[in-house]
Amino acid sequence: MRLGEWIAIIFLLSIFVFLVPAIAASDHGVAATNDTKHSSTQETAHAVAETGHGDVGAGSESHGSGVKGHGGGHINLGEVLPLWSCIPFACMLLSIALFPLLAPKFWHHHFGKVSAFWAAALGIPFLIAFKGTALYEIAHIILADYVPFIILLWALFTVSGGIMLKGTLRGTPVVNTIMILIGTVLASWMGTTGAAMLMIRPFLKANNYRKNRTFMVVFFIFLVANIGGSLTPLGDPPLFLGFLHGVSFFWTMKILPHMLVTAGILLGIYFILDSYYYKKEGLSSAPVEEGEKEPLKLVGIHNFLFLGGVVGAVLMSGIVDWGQVNTFGIHRAVQDWVRDGLLIVMGVLSLITTSKKIHEDNDFSWFPIVEVAYLFIGIFITMVPCLLILKAGLKGELAFLIAAVKEPFHYFWVTGALSGFLDNAPTYLTFFNTALGAFYPGMPEPQAVPLLMTETSIYLKAISAGAVFFGSFSYIGNAPNFMVRSIAEEAGTPMPSFFGYILKFSIVFLLPTFVIVTLIFF
């Protein structure tokens with residue numbers, strides 16, 4: 001059977017996926033949602049509060065809320081979509097996992113087309129079945145989630161690309177461990193993406209003479225791009241979202257013991273592995289190469305001002321409230337648009353004021369950000385049904401999972417497992433509201449959240465730690481993971497495939513570590 005025929009079959013199956021629930025929605029969805037339309041807010045505490053999931057500073061309408069559909073009814077898609085509506089998302093992930101292994105040349109030249117295909121395989125049948133409602137959901141995830149996501153990544157990628165560590169830096173086990181430790185500490189104060197983009201190039205340059213570098217970058221992703229961001233709302237989007245919902249700024253410092261245990265175990269394992277490979281490569285006993293040693297020096301340091309501007313713009317968007325603006329039917333907070341504009345300005349100023357020689361010496365290229373932009377538009381669009389079902393709470397197809405979450409370790413593992421493959425921000429918010437509804441039913445959020453931070457803080461700790469820590473479990477668990485992988489490959493470091501990362505590293509090193517964290521704290 002030809003490739004075109006396979007594509008046609010997959011496309012027809014994807015249409016079937018959405019036409020069946022559409023028929024069910026037309027018969028039952030409107031009546032069901034109208035019956036429950038005026039129920040109290042707390043009765044839906046197992047569903048996510050009305051906010052955009054990826055754009056943590058957004059004041060937009062609920063991504064999973066019922067919106068008026070083409071028939072004038074009030075349809076909550078999360079309540080009518082079946083689990084198998086997530087098939088295009090699964091196929092998108094499988095494409096990322098398998099094409100680089102089975103058809104690397106095809107993938108390198110056509111990954112954007114593959115992403116577009118799966119986005120269309122989801123988007124076109126979705127629009128045919130649910131018309132205006134589907135158009136709203138797709139437009140919402142693009143404008144409120146994808147656009148700010150990619151602007152933030154572009155700004156951090158561009159600004160950090162103008163900062164270079166010159167001089168002789170030899171990547172020994174001690175030096176490497178210290179560099180990862182520095183990045184881990186920075187992550188909570190400048191964000192995991194900012195810390196990862198700042199540290200990855202010096203880290204790769206220091207180890208360009210080493211043969212075994214893959215495990216180094218993987219542990220860099222574990223610690224700098226994820227676990228290090230668990231101490232403040234600036235560190236990771238889920239914690240910033242909690243901050244917007246009333247969790248005090250420094251409350252997340254209560255996760256410090258969890259973070260220290262996790263980071264300590266992983267740093268210890270890293271040091272042992274690095275020491276083993278360092279010795280195996282014959283470097284521990286080999287004489288240091290003779291030659292003129294250049295003192296360490298940072299160039300392009302003016303870019304730290306722009307980096308501070310990026311962090312400040314993100315923080316500003318979560319503090320001020322300048323109202324909302326309607327853009328193509330999508331309501332977004334004015335401060336979010338201002339933030340996005342400031343991020344673009346920071347990136348442009350960095351490009352204008354940084355010499356081309358610094359970029360050349362830094363091996364700077366646009367391919368990593370282009371690859372992330374192309375792949376994540378497909379991921380975001382195909383992820384829509386999964387997020388809607390998750391946000392439907394006890395009324396969706398994942399009700400069995402959400403209803404089973406009762407103990408602290410349940411919150412840690414279920415929040416974490418979903419965060420490893422979906423956006424960790426909506427996952428955090430789903431179980432944040434699940435906990436509020438379970439312990440403080442009928443109580444307004446401003447009164448309930450302080451109690452959740454004190455009386456039942458172990459549950460909030462479990463949700464917060466799970467959302468942040470498990471973001472390291474796959475390449476798509478957190479924004480900087482895929483960026484770090486792409487930059488490393490561009491610099492000549494071989495990286496594991498999607499499943500290789502999970503099977504060879506996440507399951508082997510992360511799962512046992514998280515079990516220890518569970519036994520100690522939850």
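What you see is a predicted model, and the numbers here were worked out from it, not measured in a lab.

**Q** How would you summarise the overall build of the protein if you had to cite specific residues and measurements?
**A** When its secondary structure is counted, the protein shows 21 helices and six strands. Across the 522 residues in the protein, those meeting the buried criterion constitute 57%. A separation of at least 24 residues holds for 80% of the contacts in the protein among residues at least 6 apart in sequence. Carbon together with sulfur atoms contributes 69% to the accessible area of the protein, which is approximately 20,900 Å² in total.

**Q** Describe the side chain of S486, and please don't skip the residues or the numbers.
**A** Summarising the element assignment, S486 is placed in helix α20 (residues 479-490). At 2.7 Å, the side chain of S486 and the side chain of E371 are in polar contact.

**Q** How would you summarise the pairing of strand β5 (residues 324-327) if you had to cite specific residues and measurements?
**A** Regular strands place their side chains on alternate faces of the sheet. Note: β5 against strand β6 (residues 330-333), four bridges, orientation antiparallel. Pairing of T327 across the sheet is with I330, part of β6. Here β5 folds back onto β6 in antiparallel fashion, the turn holding two residues, of which F328 has a positive phi close to 55°.

**Q** Residue-level account of the packing of aromatic side chains, with values.
**A** One pass over the structure, following the stated rule, counts 44 aromatic pairs. Aromatic side chains F149 and F380 sit 5.1 Å apart centroid to centroid with 45° between the ring planes, which places their arrangement in the tilted category. Taken together, the positions of F149 in helix α4 (residues 104-160) and F380 in helix α13 (residues 367-382) put the pair 231 residues apart, joining distant regions of the chain. Grouping residues by exposure puts F149 and F380 together as buried. Here the guanidinium or amino end of R332 rests over the ring plane of W337, the centre of that ring lying 4.4 Å away. Just above the ring of Y475 sits the side chain of R485; from NZ or CZ to the centre is 4.7 Å.

**Q** If you had to explain the pattern of salt bridges to someone new, which residues and values would you point to?
**A** Pairing of side chains with opposite charge becomes possible as their charged atoms draw close. Evaluation of the coordinates by the stated rule reveals seven salt bridges. Residues E489 and R485 are paired through a salt bridge, measuring 3.6 Å at the closest nitrogen-oxygen approach. Of this pair, E489 and R485 are both found in helix α20, four residues apart, which corresponds to roughly one turn of the helix. Taken together, the shared-partner salt bridges connect R332, D336, R339 and D340 into one network.

**Q** Can you explain the packing of α4 against α13? Please cite residues and give values.
**A** What describes two packed helices is the angle between their axes and the distance between those same axes. Packing of α4 against α13 brings their axes to within 4 Å, and their N-to-C directions diverge by 155°. In terms of orientation, α4 and α13 fall into the roughly antiparallel class. The interaxial crossing formed by α4 with α13 has right-handed handedness. Of the residues belonging to the contact of α4 with α13, the class tally is 24 nonpolar, five polar and two charged.

**Q** I'd like a rundown of a nonpolar patch on the surface, residues and numbers included.
**A** Nonpolar side chains collect at one region of the surface, where L94, L98, L101, L102, F499, L503, I507 and V508 lie side by side and expose about 730 Å² of accessible area between them. The set of elements that each furnish at least two residues to the nonpolar patch consists of α3 (87-102) and α21 (498-521). Exposure remark for V508: the relative accessible area of 42% places this residue in the partly exposed category.

**Q** Account for the confidence of the model for the protein, naming residues and giving values.
**A** The predicted model of the protein averages 82 in pLDDT, with 84% of residues at 70 or higher. Every residue in residues 29-72 scores below 50 in pLDDT, and together they form 131 contacts with partners more than four places removed in sequence or on other chains.

**Q** So what about α4? Which residues, and what values?
**A** For α4, with 57 residues, the first-to-last C-alpha span of 29 Å runs short of the 84 Å given by 1.5 Å per residue. Along α4, the largest kink reaches about 130° and is centred on F130.

**Q** Just give me the short version of the packing of helix α16 (residues 408-419) against helix α17 (residues 424-439), but keep the residues and values in it.
**A** At a minimum axis distance of 8 Å, the contact between α16 and α17 shows a crossing angle of 155°. Considered as vectors, α16 and α17 are oriented roughly antiparallel to each other. Crossing geometry of α16 relative to α17 is assigned as right-handed. From α16, Y411, V414, T415, L418 and S419 reach across to α17, where they touch N424, T427, Y428, F431, T434, A435, A438 and F439. In terms of residue class, the contact of α16 with α17 is built from eight nonpolar, five polar and no charged.

**Q** Account for the environment of S115, with residues named and values stated.
**A** In this fold, S115 is placed in helix α4. Placed 260 residues apart in sequence, S115 and L375 show a C-alpha to C-alpha distance of 5.6 Å. Setting aside chain neighbours within four positions, we find S115 in contact with M92, Y374, L375, I377 and G378.

**Q** I'd like to hear about the side chain of S457, residue by residue, with values.
**A** Structurally, the position occupied by S457 is in helix α19 (residues 457-469). The class for S457 is buried, based on a relative accessible area of 15%. Residues in contact with S457, not counting those within four places in the same chain, are W251 and L452.

**Q** I'd like a rundown of helix α8 (residues 237-244), residues and numbers included.
**A** The complete set of buried residues in α8 reads P238, L239, F240, L241 and G242. In the core, the buried residues of α8 are packed alongside α10 (303-319), α17 and α19. Looking one or two residues past α8, G246 carries a phi angle of roughly 110°, positive in sign.

**Q** An account of unusual backbone geometry is requested, with residue identities and associated values reported.
**A** Note: most peptide bonds trans; most residues except glycine with negative phi. For K131, which is not glycine, the phi dihedral falls at a positive 45°. Relative to the helices and strands, K131 is located in helix α4. Look at F328: it is not a glycine, yet its phi comes out positive at around 55°. Along the chain, F328 turns up in the loop between β5 and β6. On the basis of relative accessibility, which here comes to 76%, the residue F328 falls in the exposed class.

**Q** Let's hear about the environment of G500: which residues, and what values?
**A** Structurally, G500 can be placed in helix α21. Spatially, the C-alpha atoms of G500 and S474 are 9.7 Å apart, while their sequence positions differ by 26 residues.

Analysis parameters
Residues numbered from 1 in each chain as written. Predicted model: local features only at pLDDT ≥ 70, side-chain atom pairs only at ≥ 80, totals over all residues. Heavy atoms only, no water. Helix = DSSP H or I, 4+ residues; strand = E, 2+ residues; numbered from the N terminus. Buried < 20%, exposed > 50% of the residue type's maximum accessible area, 1.4 Å probe, protein only. Contact = heavy atoms within 4.5 Å. Areas by Shrake-Rupley, 256 points an atom, 1.4 Å probe, with all protein chains shown as cover. Polar contact = N/O pair within 3.5 Å; in protein donor to acceptor, adjacent residues only side chain to side chain. Pairing = 2+ DSSP bridges. Phe/Tyr/Trp six-rings, centres within 6.5 Å; stacked < 30°, edge-to-face > 60°. Lys NZ or Arg CZ within 6 Å of the ring centre and 35° of its normal. Salt bridge = Lys/Arg side-chain N within 4 Å of Asp/Glu carboxyl O. Axes fitted to C-alpha atoms, helices over the stretch in contact; angles between N-to-C directions. Parallel < 35°, antiparallel > 145°, perpendicular 65-115°, else oblique. Left-handed = near helix turned anticlockwise from the far one by under 90°. Nonpolar A, V, L, I, M, F, W, Y, C, P; charged D, E, K, R; others polar. Patch = residues over 30% accessible without salt bridge, like charges linked within 9 Å, V, L, I, M, F, W, Y side chains within 5 Å. pLDDT = per-residue confidence, 0-100. Expected span 1.5 Å × (residues − 1). Bend = angle between axes of the 7 residues up to and from the residue.

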